[in-house]
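Summary of structural features
The lines below spell out each chain.
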Amino acid sequence: MLREFEEGGEKVFLIRNLIEVRIPKRTYDKLIRKYSKEYIISFAEEKVVLNHVTKRPLYFITKESGIPLLGYNAFGLIDRGTNLIQVRPITGCNLNCIFCSVDEGRFSRTRLVDYIVDPDYLLEEFRRVAEFKGKGVEAHIDGQGEPTLYPYLVDLVRGLKEVREVEIVSMQTNGVLLSENIVDNLEGNMDRVNLSISALTQDVANKLYGVRYPLKKVLSIAEYIANSKIDLHIAPVWLPGYNDDEIPKIIEWALEIGAGKRFPPLGIQKYIPHKHGRRPKVKVMTFKEFYDKLRELEEEYGVKLVLSPEDFGIEKRPRIPQPIRKGEIYNARIVLPGRMKGERLCIVKDRLVSVLTDKDVGEFVKIKITREKDGIFSGVLL
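Because the structure is predicted, anything quoted here is derived from the model rather than measured. (Residues numbered from 1 in each chain as written. Predicted model: local features only at pLDDT ≥ 70, side-chain atom pairs only at ≥ 80, totals over all residues. Heavy atoms only, no water.)

Before going further, it helps to examine a negative patch on the surface. On the surface, a cluster of negative charge is contributed by E223, E252, E256, E296, E299 and E300. Of all the secondary-structure elements, those providing two or more residues to the negative patch are α8 (246–257) and α9 (287–301). Ranked by residues supplied to the negative patch, first place goes to α9 with three residues. By secondary structure assignment, the location of E300 is in helix α9. (Patch = residues over 30% accessible without salt bridge, like charges linked within 9 Å, V, L, I, M, F, W, Y side chains within 5 Å. Areas by Shrake-Rupley, 256 points an atom, 1.4 Å probe, with all protein chains shown as cover. Salt bridge = Lys/Arg side-chain N within 4 Å of Asp/Glu carboxyl O. Lys, Arg positive; Asp, Glu negative; His and termini not counted. Charge placed at Lys NZ, Arg CZ, Asp CG, Glu CD. Helix = DSSP H or I, 4+ residues; strand = E, 2+ residues; numbered from the N terminus.)

Shown next, in the form of structure tokens:
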């Protein structure tokens, strides 16, 4: 779980293949005479902590940090007024998809930092939200990136399943980091895996995912999941001009391997350009065009493709009370840098609020709340 090596005049510790701690070699050589490696990793002042995959600064969110897990869309918990609670334990991605809605991956031009949430803290806050929601909750692990990068994934899934209000634990993943051993460890606690496979042809997959994509490995692990007690839901993104010919192949393959034991086997997603996402040059389908095509494929393959929340047992529930409202004005302390250039995160009444400012962490700012949708808050400086 702990590797160490030297690189570029630095002593490097790699924890759980994700958390990279870099300490100047001179500093480390002095400290190691008096302290243990564990103490140095935890308390050395001259160190840099990075996400090993993206090489971005990595911030560990713990209960002791005092940073809330509600209010921001990159990490923590999101309640959109249903019985489904989004659980976001980590940011960062091992792929570089050309259609990524949040410009994730190692080659991102806009994402500047990453976060990882302590599993005990995440579970504690989740229990509080789930208790408010009542029985029949779905805990859906997703995020701005790839959830399987989270080194405590198995423990998190087990903890979520033990919450008395939870009926379903599900996860969105690209599948690249999954293995038979990980699936075995998830089985019994994970109910559904939403697997993002958007091409069955190697060249097309390479173009879509922006890397040399391990297609055979992902297809193999998909079949392994389909043959386990975990339900498999195949969720390709339809990118016009790139994978039009792949969609029928994916439908045939998903049905052939036995996806969808309890839930729909396929959830084909429409490519939607996002303001801060990547925008390949494609002719974007209208929603009418998209659903018309899905209905044609439904008729051809005899499988439901036009889905609704009800197909997954998702229903409206009261949203956890929001202590702040649009238009209100607060003096707030900056506690973290945000993911985007010039973005900072402030605490207001036990919620995180995103604001654009050049002020530093620890400073106070006067802000007006401009967004409160789905419990995600942002504000502007006054």
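Following the structure, the description resumes.
Its location among the elements puts G267 in the loop between α8 and β14 (269–270). Its relative accessible area of 11% is what places G267 among the buried residues. Counting along the chain gives 221 residues from G267 to E46, while the straight-line C-alpha distance between them is 47 Å. With residues near it in sequence (within four places) discarded, G267 still touches H233, I234, A235, P236 and L307. (Buried < 20%, exposed > 50% of the residue type's maximum accessible area, 1.4 Å probe, protein only. Contact = heavy atoms within 4.5 Å.)

Its location among the elements puts R351 in strand β17 (residues 351–356). The side chain of R351 sits in the buried core without any salt bridge; D350 is the nearest counter-charge, 4.1 Å away.

All right, on to the sheet that holds strand β19 (residues 377–381) then. Around the barrel, which closes on itself, the five strands sit in the order β15-β16-β17-β19-β18 with mixed pairing between neighbours. Between one strand axis and the next, the sheet turns through 55° on average, direction left out of account. The pairing of β17 with β19 spans three bridges and is classified as parallel. Note that in β19 the partner of S354 across the bridge is S378. (Pairing = 2+ DSSP bridges. Axes fitted to C-alpha atoms, helices over the stretch in contact; angles between N-to-C directions.)

Attention shifts here to the state of the cysteines. Each disulfide consists of one covalent bond between the sulfur atoms belonging to two cysteines. If you walk through the whole model with that rule in mind, you get zero disulfides. Free cysteine C93: the closest other cysteine sulfur is in C97, separated by 5.9 Å. (Disulfide = S-S within 2.5 Å.)

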